[in-house]
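Breakdown of the fold
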Amino acid sequence: MAQRIVVIGGGAAGIGAAGAAKVTDPAADVRVYTEFEDVGYSPCGIPYVHGKEIPDFQRLFLATKEAYAQQGIDIHYETQATGFDTGKKTVSVAGGDEVPYDRLIVATGFHYASPGVAGLDLEGLYYVKNIRRAMEWDKTLDGVRSAVVVEASPLGLEMVTALLHRGIDVHLVDPGPWALAAATDPDIAAPVQESWLEKGAKLHFNTTLQGFTGDGGAVAAAQTSDGEIACDLAVICTGKAANTALARAAGLQTGSADGIVVDERMKTSAPGVWAAGDCIEVPHSVSNIPIQGLSGSHAYAQGKVAGTNAAGGERRYQPVSVPWGMVAGDWMIGGVSFSETLATALGIPHVVGTAEGISRARYYPGMAKLRVKLLAEPGTLRLIGAQMVGREGIKERADFLAMAVRTGITVGDLATMENVYSPPIGALNEPIALAAQALLAGQGS
Ligand SMILES: Cc1cc2nc3c(=O)[nH]c(=O)nc-3n(C[C@H](O)[C@H](O)[C@H](O)COP(=O)(O)OP(=O)(O)OC[C@H]3O[C@@H](n4cnc5c(N)ncnc54)[C@H](O)[C@@H]3O)c2cc1C
């Protein structure tokens, strides 16, 4: 009899898992349960449709429902899983059905952490996630004059930028001292914030959200430690919390980051159960501390590992060094692992080198400054973190530096790295090498 593989969740992790399971065991009966109306779309593109850089939501769909059916993946849309029993090996779904499984993959993802304030039941509070709801909200945005974005998270940065593009009066409210303070240092965030201010954004840092007040059931103002801010809309961009309610109820072990604990094969503490994506936690490659709530690319890769192994194959997942990057205001920012601020807060010893280079040959049109900051472990000078701000070439450098962190490359290696010099795409002096040389000079080397 074909093995029955059930996946709870139709996001990047769940769909990655289902696809990999089917490839590993084409005869398997692979079923996916999702609360949403759709799978196979990119939520990552939603802020850019709101900002009008992407003309329509249809482009965000990566595969049709028929394509999944043709692959032999049986997707149950708008069907909530209400629990699972690892003894009986069944998943309960809304409506009362008990679905038997041989292997289960939990990919229930994340929800935005509740701001925990009064007024959360008001209309006009937007949690950006489901594409159908985003399509409806996009029409609402046409009538919005003033919006509050709650927290300068990665999504918060994207939504501030998108709403400004949309001509909306934007207030950013964040308890931290600068944008994305958990991942950046102030010198990296500063150009982004300046470009937002030039576009008319109002930035309320070191500011606590205290509640929302309404008018006729709809949000009319955000109450903050910096006073009342009138608004027609609030976008809740709080941190991503692991959605582990079902896993906890079923007795799966969760860890210090509140995610489901898995091994390198994405196997949970329960027999026959794997998990992947934003509902799990994985170790950081430098600190070994479990972390949770990474990116869509992490979720997809973890899903593939879980699906392959659940179906009887063999695939392992490595500790993460978390490259990140994004467009915010007129700038691109990005990095890997730790900022100076975060390393200091975590008590991780480090030395720092910073340099300002250029993205193309000095004389080539479009050349822009590119600031690079590198963090290394004292003594060994092994790279443990990086941050960058520029106008281009951030993603490729972040990916490269993440591999450097993972493989234990030192700042000495980076100081003498070879680099592409071609006027339209790269300067004679690579900014990463300049930052490494600055770090070495600071060490007296
Ligand atoms: C607006 C937005 C922008 C983003 N931008 C980026 C980006 O630029 N780059 C990037 O790498 N990533 C981005 N992401 C990805 C994101 O941050 C996550 O890492 C990714 O969505 C995690 O995938 P996941 O499958 O683990 O979980 P989720 O995407 O949270 O999916 C969870 C799935 O589980 C289902 N589910 C949950 N509970 C149940 C239940 N009880 N029964 C049935 N189904 C259930 C849901 O319906 C959903 O299908 C973005 C996400 C959003 C929403």
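First things first, this report covers the structure right here in the doc. No experiment lies behind these values; they were computed from the predicted model shown.

The rules behind the values
Residues numbered from 1 in each chain as written. Predicted model: local features only at pLDDT ≥ 70, side-chain atom pairs only at ≥ 80, totals over all residues. Helix = DSSP H or I, 4+ residues; strand = E, 2+ residues; numbered from the N terminus. Rg over C-alpha atoms; globule rule 2.2 N^0.38 Å. Buried ≥ 20, exposed ≤ 12 C-beta atoms within 10 Å, placed from the backbone. Pairing = 2+ DSSP bridges. Axes fitted to C-alpha atoms, helices over the stretch in contact; angles between N-to-C directions. Near = placed C-beta within 6 Å. Nonpolar A, V, L, I, M, F, W, Y, C, P; charged D, E, K, R; others polar. Domains from an automatic or database assignment. Left-handed = near helix turned anticlockwise from the far one by under 90°. Contact = placed C-beta atoms within 7 Å. Core = buried A, V, L, I, M, F, W, Y, C linked by C-beta atoms within 7 Å.

A short note on the overall build of the protein chain
From N to C terminus, the protein chain includes twelve helices and 26 strands. Taking 2.2 N^0.38 as the reference for a compact globule, 445 residues should give roughly 22 Å; the C-alpha atoms of the protein chain span a radius of gyration of 23 Å, in line with that estimate. Taken along its principal axes, the extent of the C-alpha atoms in the protein chain is 65 × 55 × 40 Å. Relative to its full complement of 445 residues, the protein chain shows a buried share of 47%.

Observations regarding the sheet that holds strand β15 (residues 227-230)
The antiparallel open sheet is built from three strands, whose spatial order is β13-β14-β15. Taken across any chain shown, the strands that pair with only one partner, and hence form the sheet edges, are β13 (209-215) and β15. The mean angle between the axes of side-by-side strands here comes to 30°, regardless of whether they run parallel or antiparallel. Relative to β15, strand β14 (residues 218-224) runs antiparallel, the two sharing four bridges. Residue pairing in the sheet places Thr 224 in a bridge with Gly 227 of β15.

Things to note about the site of the ligand
With respect to spatial proximity, 32 residues lie near the ligand, and among them Gly 11, Gly 109, Gly 277, Ser 295 and Gly 296 are the closest. Listing elements by their share of the shell around the ligand, those giving two or more residues are α1 (12-24), α2 (46-50) and α8 (296-310). For the shell around the ligand, a count of residues per class yields 16 nonpolar, 13 polar and three charged. Residues lining the shell around the ligand come from more than one domain, with at least three contributed by each of domain 1 (4-112 + 240-310) and domain 2 (125-236).

Structural notes on the packing of α1 against α8
For the pair α1 and α8, the least separation of the axes is 6 Å and the interaxial angle reads 35°. Pair α1 / α8 crosses with right-handed handedness. For the pair α1 and α8, the contacting residues are Ala 12, Ala 13, Gly 14, Ile 15, Gly 16, Ala 17, Ala 18, Gly 19, Ala 20, Ala 21 and Thr 24 in the first and Gly 296, Ala 299, Tyr 300, Gln 302, Gly 303, Lys 304, Ala 306, Gly 307, Thr 308 and Ala 310 in the second. Looking at the contact of α1 with α8 residue by residue, the classes come out as eleven nonpolar, nine polar and one charged.

Comments concerning the sheet that holds strand β2 (residues 29-33)
Read from one edge of the open sheet, five strands run β3-β2-β1-β7-β19, paired in parallel fashion. Two strands close off the open sheet at either side, each with one partner strand: β3 (73-76) and β19 (273-275). Pairs of neighbouring strands in the sheet enclose a mean axial angle of 20°, with direction left out of account. In the sheet, strand β1 (residues 4-8) pairs with β2 via five bridges, with the strands oriented parallel. Bridge assignment links Arg 4 to a residue of β2, and that residue is Asp 29. Across the sheet, α1 is in contact with β1, β2, β3 and β7 (103-106); its angle to β2 comes to roughly 175°.

What about the nonpolar core?
Residues Ile 105, Val 106, Ala 234, Val 235, Ala 275 and Ala 276 are the most contacted members of the largest nonpolar core, which totals 136 residues. Setting aside anything within four residues of it in sequence, one finds Ala 275 in contact with Ile 105, Val 106, Ala 107, Ala 247, Ile 260, Val 262, Met 266, Thr 268, Ile 280 and Ala 306.

A closer look at the environment of Ala 441
With respect to the helices and strands, the residue Ala 441 is situated in helix α12 (residues 431-442). A count of 12 C-beta atoms within 10 Å places Ala 441 in the exposed class. Put simply, Ala 441 and Gly 353 are 88 residues apart on the chain and 8.6 Å apart in space, counted from C-alpha to C-alpha.

With respect to unusual backbone geometry
Positioned with a positive phi, Glu 151 is a non-glycine residue whose angle comes to about 85°. Assignment of secondary structure puts Glu 151 in the loop between β10 (146-150) and α5 (154-165). The class for Glu 151 is buried, based on 24 C-beta atoms found within 10 Å. In this structure, Leu 180 takes a positive phi of about 55° despite not being glycine. Inspection of the secondary structure assignment puts Leu 180 in the loop between β11 (169-173) and α6 (186-198). Look at Leu 180 and you get buried, because 24 C-beta atoms sit within 10 Å.

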